Amino acid sequence: MSDTTTFAAAMSANEAARDHFTSLPANLESVDPAAFEAETAKLFEALRVADHAVPNTWAEFVRLLDHMCDGGACNIDGDNAERLLIHARRILAAEGR
């Protein structure tokens, strides 16, 4: 699998996990705490993998940035900010800038 395929797969898996989690019953936590914890763990693992996906193009970088910004709903933490800066520098270097 190429890096781009790996990146796309990580981002798509995160989106699928998010969509699945939001489709769960709103009262799952109170009805079945163990199931809620398992589903939360799956969601957070998909999020972690997506956060660490390596973009190879500016389009992928923007997709990662959008993922990390969560549509403006949350702040980018220091670890993600550092990774974004490393990715931007790497992509710029690959373009010879």
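Residues numbered from 1 in each chain as written. Predicted model: local features only at pLDDT ≥ 70, side-chain atom pairs only at ≥ 80, totals over all residues. Heavy atoms only, no water.

## Some points on the packing of helix α3 (residues 33-51) against helix α4 (residues 58-69)
No. 1: The interhelical angle for the contact between α3 and α4, taken along N-to-C directions, is 140 degrees, at an axis separation of 10 Å. Overall, the two elements α3 and α4 adopt an arrangement that is oblique. In the crossing of α3 with α4, the sense of the turn from one axis to the other is left-handed. Along its contact with α3, which presents L47, A50 and D51, the element α4 presents L64, H67 and M68.
No. 2: Its residues assigned to classes, the contact of α3 with α4 comprises four nonpolar, one polar and one charged. (Axes fitted to C-alpha atoms, helices over the stretch in contact; angles between N-to-C directions. Helix = DSSP H or I, 4+ residues; strand = E, 2+ residues; numbered from the N terminus. Parallel < 35°, antiparallel > 145°, perpendicular 65-115°, else oblique. Left-handed = near helix turned anticlockwise from the far one by under 90°. Contact = heavy atoms within 4.5 Å. Nonpolar A, V, L, I, M, F, W, Y, C, P; charged D, E, K, R; others polar.)

## Focus on the nonpolar core
No. 1: Judged by nonpolar contacts, F7, A10, M11, A50, A53, F61, L64, M68, L84, A88 and I91 together constitute the single largest core of 11 residues.
No. 2: Elements that contribute at least two residues to this core include exactly α1 (3-23), α4 and α5 (78-94).
No. 3: For A88, the residues in contact, after removing those within four places along its chain, are W58 and F61. (Core = buried A, V, L, I, M, F, W, Y, C linked by side-chain atoms within 4.5 Å. Buried < 20%, exposed > 50% of the residue type's maximum accessible area, 1.4 Å probe, protein only.)

## Overview of the packing of α4 against α5
No. 1: Orientation of α4 relative to α5, taken along the N-to-C sense of each, is 170 degrees, at an axis distance of 11 Å. Accordingly, the angle class assigned to the pair α4 and α5 is roughly antiparallel. Contacts from W58, F61, L64, L65 and M68 of α4 reach α5 at N80, L84, H87, A88, I91 and L92.
No. 2: A class-by-class count of the residues in the contact of α4 with α5 yields nine nonpolar, two polar and no charged.

## Thoughts on the side chain of D51
No. 1: Within the fold, D51 resides in helix α3.
No. 2: One buried charge, D51, has no salt-bridge partner; the nearest side chain with opposite charge is R83, at 4.8 Å.
No. 3: In this structure the side chain of D51 is engaged in a polar contact, spanning 2.6 Å, whose partner is the side chain of H67.
No. 4: At a separation of 3.4 Å, a polar atom in the side chain of D51 contacts the side chain of N80.
No. 5: In contact with D51, not counting residues within four places along its chain, are L64, H67, M68, N80 and R83. (Lys, Arg positive; Asp, Glu negative; His and termini not counted. Salt bridge = Lys/Arg side-chain N within 4 Å of Asp/Glu carboxyl O. Polar contact = N/O pair within 3.5 Å; in protein donor to acceptor, adjacent residues only side chain to side chain.)

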